[in-house]
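# Chain and residue survey
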Amino acid sequence: MATTSFTAPKLSSPTFQTLCRNFPLSLPIPKTLSSFSFHLSPFLSRFHLHHHHYHPPRFHPRRLFAVRAESENGAEPIRHYDFDLFTIGAGSGGVRASRFAANFGASVAVCELPFSTISSETTGGVGGTCVLRGCVPKKLMVYASKYSHEFDESNGFGWKYDTEPKHDWSTLMANKNAELQRLTGIYKNILNKAGVTLIEGRGKIVDPHTVDVDGKLYTARNILISVGGRPFIPDIPGREYAIDSDAALDLPSKPEKVAIVGGGYIALEFAGIFNGLTSEVHVFIRQKKVLRGFDEEIRDFVGEQMALRGIQFHTEESPQAIVKSADGSLSLKTNKGTIEGFSHIMFATGRRPNTKNLGLESVGVKINKNGAIEVDEYSRTTVPSIWAVGDVTDRINLTPVALMEGAALAKTLFQNEPTKPDYRAVPSAVFSQPPIGQVGLTEEQAIKEYGDIDVYTANFRPLKATLSGLPDRVFMKLIVCAKTNKVIGLHMCGEDSAEIAQGFAVAVKAGLTKADFDATVGIHPTSAEEFVTMRSPTRKIRQSSESQVDADCNLYYDANKLVGGKNGSDTKFPLCILVKTCMPCHTS
Amino acid sequence: MARKMLVDEEMNQTNQEEAYYDFDLFVIGAGSGGVRAARFSANYGAKVGICELPFHPISSEVIGGVGGTCVIRGCVPKKILVYGAAFGSELEDARNYGWDLNEKLDFNWKKLLHKKTDEIIRLNGIYKRLLSNAGVKLFEGEGKIVGPNEVEVTQLDGTKLSYSAKHILIATGSRAHRPPIPGQELGITSDEALSLEDLPKHAVVFGGGYIAVEFASIWRGLGANVDLFFRKELPLRGFDDEMRAVVARNLEGRGINLHPQTNLTELIKTDNGIKVTTDHGEELIADVVLFATGRLPNSKRLNLEAVGVELDNTGAVKVDEYSRTSIPSIWAVGDVTNRMNLTPVALMEGTCFAKTVFGKEPSKPDYSHVPCAVFSIPPLSVVGLSEEQAIEQANGDVLVFTSTFNPMKNTVSGRQEKTVMKLVVDAETDKVLGASMCGPDAPEIMQGIAVALKCGATKAQFDSTVGIHPSAAEEFVTMRSVSRRITCSGKPKTNL
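Starting afresh in each chain, residues are numbered from 1 along the sequence in its written order. Key to labels: chains lettered from A, ligands numbered from 1, both in the order written. Local features in a predicted model are, by the rule used here, given only for residues with pLDDT of at least 70; side-chain atom pairs are given and counted only at 80 or more, and totals for whole chains, interfaces and linings are based on all residues. In computing side-chain values, all of the structure's heavy atoms are included and hydrogens and water are not.

Using the residue numbers shown here, the UniProt feature "domain: Pyridine nucleotide-disulphide oxidoreductase dimerisation" (unreviewed entry) corresponds to residues 426-534 of chain A. When the span residues 426-534 of chain A is considered, its composition is 30% helix and 28% strand, and the gap between its end C-alpha atoms is 23 Å. UniProt positions are given in the numbering used here, feature names are shortened, and annotations may be inferred rather than shown by experiment. By the criteria applied, helices consist of DSSP H or I runs no shorter than four residues and strands consist of E runs no shorter than two, each listed in order from the N terminus.

Here is the structure:
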């Protein structure tokens, strides 16, 4: 959330700064000579070769020294570039890489499209998807929409409203957009403070060391592509009437009745937003369940909880066409029938990397079949001087991952410290209502990878819900490797899940065991303490028998049985109620 | 099956001591620690009896209730009121998010109180069921120790029951106490504060501990004027100084009047309310005066001295690392021992007791890295060492990482309140020695951090963890630059 706590990293590499100072000055060459690289082809080819020899890259410190030696010998002409790094795209990954590179002493430029809340081939904005069309505005909308639930809750705590609280859409949009403007300004400032040159315009790669921004050419030793992704709407009749998440975050008025097509996290987050802001919400998913790829129990649980809050799910229903009626309302035709009367139809059917019109094909940057740039473990593309981070590489499309990739790249390139991003135990959240937080493997993945696992679950009514009278529940799950006792997966759906999961992610990443969790004293009364008080497994899964072994519920079995079954995930039993509202007595 | 014993010499005595006991364990006090110990002991096969005073929200020498302080007069009802009070500011924050609310919101204290009482009655019932499900025999009445293996329960009708027990566990908890100032009977303690007939219009809170700041936050959140008096410069003695200052600033920001370094000297009843006088000569009128000046162990009426159970000078039962008192057959857990007065610690002590005495597995409670939370609004949560403690204990330098930021929600709501997070790191080992946070969701966030600290996680391990975006918690894994380095080189290095 660090929206206003930007702290400049104080990392620096004096050695490299010295090198930089020596290096470009050794050959004063006029700027922006696009054809320059051809003159220097002998050197360049050697330069490339150099890298290829060490591919996958091993960045020995001597590489830089070797280059410098060459330049000082004067045996080879040394190429001068306008910048050590030219970044295309000032989103999370691009800004992070640029700033860090500059802090390490590199001369850096970044180009970005002009600001707009809706992205296109010609509009974007410093800050990128996260700040302008993703995490931030989404979370602000989640805050806004959560209030209707809080009003309901507050009734149970003695608060009363003479008139039902009404929501004014335009106030929210105005305040949200003011915040986005402020943030884009902050991001520009950050770049500026770090000494990064910001160029507004559309960047296109001309050759391995040259970028064209609206007709102006810039040369760079390294080019970074961090242009992100954009929402994708499948080609069905009437798709022009559909909106994507960009538009959904900046609608001029409240959608009265909205269809959301898709079952991924974006679909669920918007379903929660519109539902909370009192729209009628229908979600159409191709599968039986939402959130493919998530833990199966979490998928079931979040679907149930969202349905309880009034969202209508249409499962195994695929859109075929959108029809606009005379009265302006929209109908969605699916494989199962037609549903009429929508004011808006939103597609949350995936995102695609922004790799078109970047000149990638012409310089030989390889793209996979989804349009994502192929990179190695160090984020290097098939062209050695060109790198890519973030959604455009379609690895794990999360802001903090793009930040990690950007930071790793800056270290690799400018701090003599070859660094691979580490994709193990990356935690993530879905800001559905209720939200989900998770880290590590799902149960299904864990079985595949480890075979023998123990699963601990809790499904309880939180203290707040016992007073509010609302049907809110919390589901938690720990997946433990039976052999090593390591916690290999942690999942939660319920209030504060995203905040709760972060600290546990440190523990999971550090490879801590279930015994370590158990040794930690709870913070009472919280929901989070449940993760350190799960004593008996809900089930033990053993590869050998290929079936579930009934959990050995050791000495707590009887007590559990008497209060409603040892299986804490069984929502019909009152155990769950016991669990949370009288934590100290929780039998687990 | 029953009567498993831990200590070897006792094992040797078993034969000669094979005397008949009514119970393997008799527990006095059915709060967090007592219920836990009783249930777990029963699960190990012991025959267990437990006694507890009759239920009432307000405790006294003869009133208590199954569930104890946590459930009836502490954590649970407190948290319910905090939830209720937090809506006050939540609803204000809603306006900038586009919600049109009445200018003046209606809050019905009686409804909240009623629902809170219903909930603790329900929990009291659940606790009773838990005990009976575990096969623990519950007696209602006041327990007293007659001999090393003898308890007496005085029932409501005055009849006395006597039982012999191989082991006796004292888990009678503690009670709020009032300072000895003139007019102290006009003030209330946290027991009554959780059950007030009417919401105070003007409350005076005396005390600087967590109970004081929690009630100040509750009443302020529900619209009362609150004056908070405490003896030190900052509230929450014992916590990290920097975080104490943050809490103080937040309380003030929420409209609570702070009176540091001030004592109450007298309360006088007047027609307008209670006249409160301070040692600075200030006078003010309040309708409620809360004493949150500490709690004392409930050890007086147990006849402990007579059987030789030693108490310390605060009245706490003295115990060894296994929770055993000076009489080998008598044990004590929870607040009555005044070690670390937290529900989960009492649970830990109760669990360890059962393991030690009936589980053949001698277990000491581990008091390192016990996390805790103060449910002020916004809350504070900490685990491990404060900066001051770290400096005190460190051999080498201490690195302090802090992050002060405006939570994203405030960017639109306009609330002026910063969240502050802090990590204290041993420069030499890179171990994170302490973590603290003051801001929304701090207690929920801190639990996972506590697991990491408990297991000696390093700052590098924090840094290698990817953030969850956008959350407040991610700040704990993205603190890159040191705020300050404290050189502790002046101290002799003990490891040399």
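Another aspect to go through is the UniProt feature "domain: FAD/NAD(P)-binding" (unreviewed entry) in chain B. According to UniProt, the "domain: FAD/NAD(P)-binding" (unreviewed entry) feature falls on residues 23-350 of chain B. Strand forms 26% of residues 23-350 of chain B and helix 32%; the C-alpha atoms that close the span are 18 Å apart.

Residues and elements named next belong to chain B. Take a side-chain nitrogen of Lys or Arg and a carboxyl oxygen of Asp or Glu: if they are within 4 Å of each other, that pair is a salt bridge. Applying the stated criterion across every chain, the model contains 48 salt bridges over all chains. Among the salt bridges present, the one from Arg-178 reaches Glu-192, with a minimum N-O distance of 4.0 Å. Taken together, the residues Arg-178 in the loop between strand E9 (174-176) and helix H6 (190-193) and Glu-192 in helix H6 connect sequence positions 14 residues apart. Only protein chains enter the accessibility calculation, which uses a 1.4 Å probe. A residue is then buried if its area is under 20% of the maximum for its type, exposed if over 50%, and partly exposed in between. On the basis of relative accessible area, Arg-178 is assigned to the partly exposed category, the value being 29%. Across the pair Glu-387 and Lys-422 runs a salt bridge, and its minimum N-O distance is 2.6 Å. Here Glu-387 is found in helix H11 (residues 387-393), whereas its partner Lys-422 is found in strand E22 (residues 419-426), with 35 residues between them in sequence.

Glancing now at the interface of chain B and chain A. In what follows, residue pairs with any heavy atoms lying within 4.5 Å of each other are defined as contacts. With 95 residues of chain B in contact, the opposing surface of chain A contributes 100 residues. Note: buried area is the sum, over both parts, of the accessible area (probe 1.4 Å) each one loses when the two are combined. Buried area between chain B and chain A, summed over both chains or domains, comes out near 8,600 Å², and the portion from carbon and sulfur atoms is 66%. Counting every contact that joins chain B to chain A gives one salt bridge. Taking the shortest distance from any N to any O, the salt bridge between B:Asp106 and A:Lys160 comes out at 3.4 Å. Definition of a polar contact: a pair of N or O atoms within 3.5 Å, with one able to donate and the other able to accept a hydrogen when the atoms are protein atoms, and with sequence-neighbouring residues admitted only if both atoms are side-chain atoms. Where chain B touches chain A, the interface holds 23 residue pairs in polar contact (both at pLDDT 80 or more). Among the elements that take part in the side of chain B that touches chain A, helix H4 (residues 75-94) of chain B stands out by supplying 12 residues, more than any other. Residue classes follow a fixed rule: Ala, Val, Leu, Ile, Met, Phe, Trp, Tyr, Cys and Pro count as nonpolar, while Asp, Glu, Lys and Arg count as charged, and any other residue, Gly among them, counts as polar. The residue makeup of the side of chain B that touches chain A, split by class, is 50 nonpolar, 25 polar and 20 charged. Here strand E4 (residues 166-167) of chain A pairs with strand E3 (residues 99-100) of chain B via two bridges, running antiparallel. Two strands pair under a simple rule: DSSP has to find at least two bridges between them.

The subject of this paragraph is the sheet that holds strand E12 (residues 257-259) of chain B. All names here are of chain B. Read across the open sheet, the four strands follow the order E12-E11-E10-E16; overall the sheet is parallel. Each end of this open sheet is capped by a strand with a single partner; those strands are E12 and strand E16 (288-291). With direction set aside, neighbouring strand axes in the sheet form an average angle of 15°. Across four bridges, strand E10 (residues 202-206) lies against E16 in parallel orientation. In the sheet register, Phe-206 faces E16, and the bridge partner there is Phe-291. Here the axes come from fitting lines to C-alpha atoms, over the contacting stretch only for helices, and the angles between their N-to-C directions go from 0 to 180 degrees. Contacts from helix H7 (residues 210-221) reach E10, strand E11 (225-229) and E16 within the one sheet, and its direction differs from that of E11 by about 165°.

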